[in-house]
Amino acid sequence: MLSEKMLELGTNRSVIRDLFEFAKERKAEIGEDHVFDFSIGNPSVPAPQCVQEAIEEVVRDVDPVLLHGYTSAQGDAGLRQAIAGYVNGQHGTSLTADNFYITVGAAASLSITLKALAEEGDEFIAFAPFFPEYRVFVENTGSKLVVVNSDPHDFQIDQEALAAAVTRHTKAVILNSPNNPSGVVIHEEGIRQACATLEKKQKEYGHPIFLITDEPYRELVYDDVEVPYLMNYYDNTIVCYSYSKSLSLPGERIGYIAVSDRAVQWQQIYAAVCGAGRSLGYVCAPSLFQQVVKRCQGQTADVSVYKKNRDLLYQALTEYGYRCIRPDGAFYLFVESLEKDASAFSEKAKEYELLLVPADSFGTPGFVRISYCVSTEQIQNALPAFQALAQAYGK
């Protein structure tokens, strides 16, 4: 009667969403200030002023029929041209409006891209740790997700493992940098080596292998860290982007797909993206926020707040005896569990009202993810609980 796969997905929430809902219930029971919810990547920093100004401007000045009506299926041409101009100015590319497809956030960007590329028997590679929904998105196309473990010391790309994982069935490699959940930015040398491997494998197998770069955290970096723009390193690149984190607009669901104009038969790839958007029902992203982000190119929320939170949390937890992967970007701290079973450790943390996400579904057992996109006050108030939790394990 029903799709068993869809029933399973609908009745078993992701561990992130499960903890997020638990947090709401727990806060109702004992008060919001007594629950230290580090479960979900929901930005606490408000959207920059340009967003409010843009909303007021478009509501005041744009014809309501146009503002709330359909745009072209692939998005407003003016917005797509504005994005092209901004990206070209930042990264030296030569893209036009016709390289961009406006989407309902990063999840739609990835789902559409995977659907556009996938053929029977295809495999898509992701580096662990990875956002758990990658598996859902890939398997929904009928393809297989192949997981490649990163270097366990610094979570950079394990080049030998990548080379071994690429086969004639590989359609694309998904790269997320800055990474969710580790916060690691893949350095330029690692990018160059990975791209050289994919170039070699393309020639060996006689077909394109694509690089899908998932980058909703591109602007959220610290200490002058540079995030390489993959189109400048590898021709067969497709960029999946969202304004959810850079502009603190996760609930508005607005992003884009950019197909490199140097990709093989890029016009056909773009047409397949349009077809996949049609097939999935992801056409005409919210019109109002298309107009808003058109006016906010190059703007970001106040990243300094996240840096302050990172520094405070990383220093304290390291002093308490936790092993933490120092994040270069995003707003997550990846922490080694104080017992082998990260789910059991997460349950133990609940006794101290700490809600930490076990990373088994991220492809990295033995770690938990802490989302520090919360108020600095919450982190300060949570530190005694983190210390008590460490002491319970003899730290």
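Notes on the structure in this doc start here. (Residues numbered from 1 in each chain as written. Predicted model: local features only at pLDDT ≥ 70, side-chain atom pairs only at ≥ 80, totals over all residues. Heavy atoms only, no water.)

**Focus: empty space enclosed by the protein**
At step 1: Under the defined criterion, the tally for this structure stands at 2 cavities of 30 Å³ or more.
At step 2: The computed volume of the largest cavity comes to approximately 120 Å³.
At step 3: Lining of the largest cavity is provided by 14 residues; of these, Phe-127, Pro-129, Leu-175, Asn-176 and Asn-179 occupy positions nearest its centre.
At step 4: Among the elements of the structure, strand E3 (123-128) and strand E5 (170-176) are those that each provide at least two residues to the lining of the largest cavity.
At step 5: For the lining of the largest cavity, the leading source of residues is E5, giving 3 residues.
At step 6: In terms of residue class, the lining of the largest cavity is built from 10 nonpolar, 4 polar and no charged.
At step 7: Reported here for the second largest cavity is a volume of approximately 50 Å³. (1 Å grid on protein atoms, 1.4 Å probe; cavity = no way out; pocket = protein on both sides within 12 Å on 5 of 7 lines; lining within 4 Å. Points joined across faces, edges and corners; volume = space filled by probe spheres on them. Helix = DSSP H or I, 4+ residues; strand = E, 2+ residues; numbered from the N terminus. Nonpolar A, V, L, I, M, F, W, Y, C, P; charged D, E, K, R; others polar.)

**With respect to helix H13 (residues 342-350)**
At step 1: Every buried residue of H13 is listed here: Ala-342, Phe-345, Ser-346 and Ala-349. The arc that holds the buried residues of H13, viewed along the axis, is 100°, so those residues lie on one side.
At step 2: Tucked into the core, H13 has its buried residues touching helix H2 (15-30), strand E11 (354-355), strand E12 (357-358), strand E13 (367-371) and helix H14 (376-392).
At step 3: The backbone nitrogen of Ser-343 has a side-chain oxygen 3.0 Å away, supplied by the residue at the start of H13, namely Asp-341. (Buried < 20%, exposed > 50% of the residue type's maximum accessible area, 1.4 Å probe, protein only. Arc of directions from axis to C-beta. Contact = heavy atoms within 4.5 Å. Polar contact = N/O pair within 3.5 Å; in protein donor to acceptor, adjacent residues only side chain to side chain.)

**So, helix H10 (residues 266-280)**
At step 1: With 15 residues, H10 should reach 21 Å at 1.5 Å per residue; the first-to-last C-alpha distance of 21 Å fits that figure.
At step 2: Along H10, the residues that are buried comprise Trp-266, Ile-269, Tyr-270, Val-273, Ala-276 and Gly-277. Along the axis of H10, the buried positions cluster into a sector of 115°, meaning they face one direction only. Structural note: H10 exposes Arg-278 and Ser-279 on the side pointing more than 90 degrees away from its buried face.
At step 3: Against the buried residues of H10 lie helix H5 (77-91), strand E2 (100-103), helix H6 (105-117), strand E6 (210-214), strand E7 (237-242) and strand E8 (255-259).
At step 4: Phi turns positive one or two residues past the end of H10, at Gly-281, with a value near 80°. (Expected span 1.5 Å × (residues − 1).)

**Observations regarding the environment of Leu-389**
At step 1: Structurally, Leu-389 can be placed in helix H14.
At step 2: Note: C-alpha distance between Leu-389 and Ser-361 (28 residues apart in sequence) is 23 Å.
At step 3: For Leu-389, the residues in contact, after removing those within four places along its chain, are Tyr-322, Leu-338, Phe-345, Lys-348, Ala-349, Tyr-352 and Leu-354.

**As for the side chain of Ser-39**
At step 1: Relative to the assigned elements, Ser-39 resides in the loop between strand E1 (36-37) and helix H3 (49-61).
At step 2: Under the relative-accessibility criterion, Ser-39 is labelled buried at 0%.
At step 3: At 2.6 Å, the side chain of Ser-39 forms a polar contact with the side chain of Asp-37.
At step 4: Contacts of Ser-39, omitting those with residues within four sequence positions, involve Ile-16, Leu-19, Phe-20, Leu-355, Val-357, Arg-369 and Ser-371.

**Structural notes on the sheet that holds E5**
At step 1: Strand order across the open sheet formed by 7 strands is E2-E8-E7-E6-E5-E3-E4, with mixed pairing between neighbours. Each edge of the open sheet carries a strand with a single partner, namely E2 and strand E4 (144-149). On average, adjacent strands in this sheet sit at an angle of 20° to one another, irrespective of strand direction.
At step 2: Where E6 and E7 come together, 4 bridges link them in parallel fashion. Looking at E7, one finds that Ile-212 is bridged to Ile-238.
At step 3: Its contacts with the sheet place H6 against E2, E3, E5, E6, E7 and E8, and it is angled at close to 155° to E7. (Pairing = 2+ DSSP bridges. Axes fitted to C-alpha atoms, helices over the stretch in contact; angles between N-to-C directions.)

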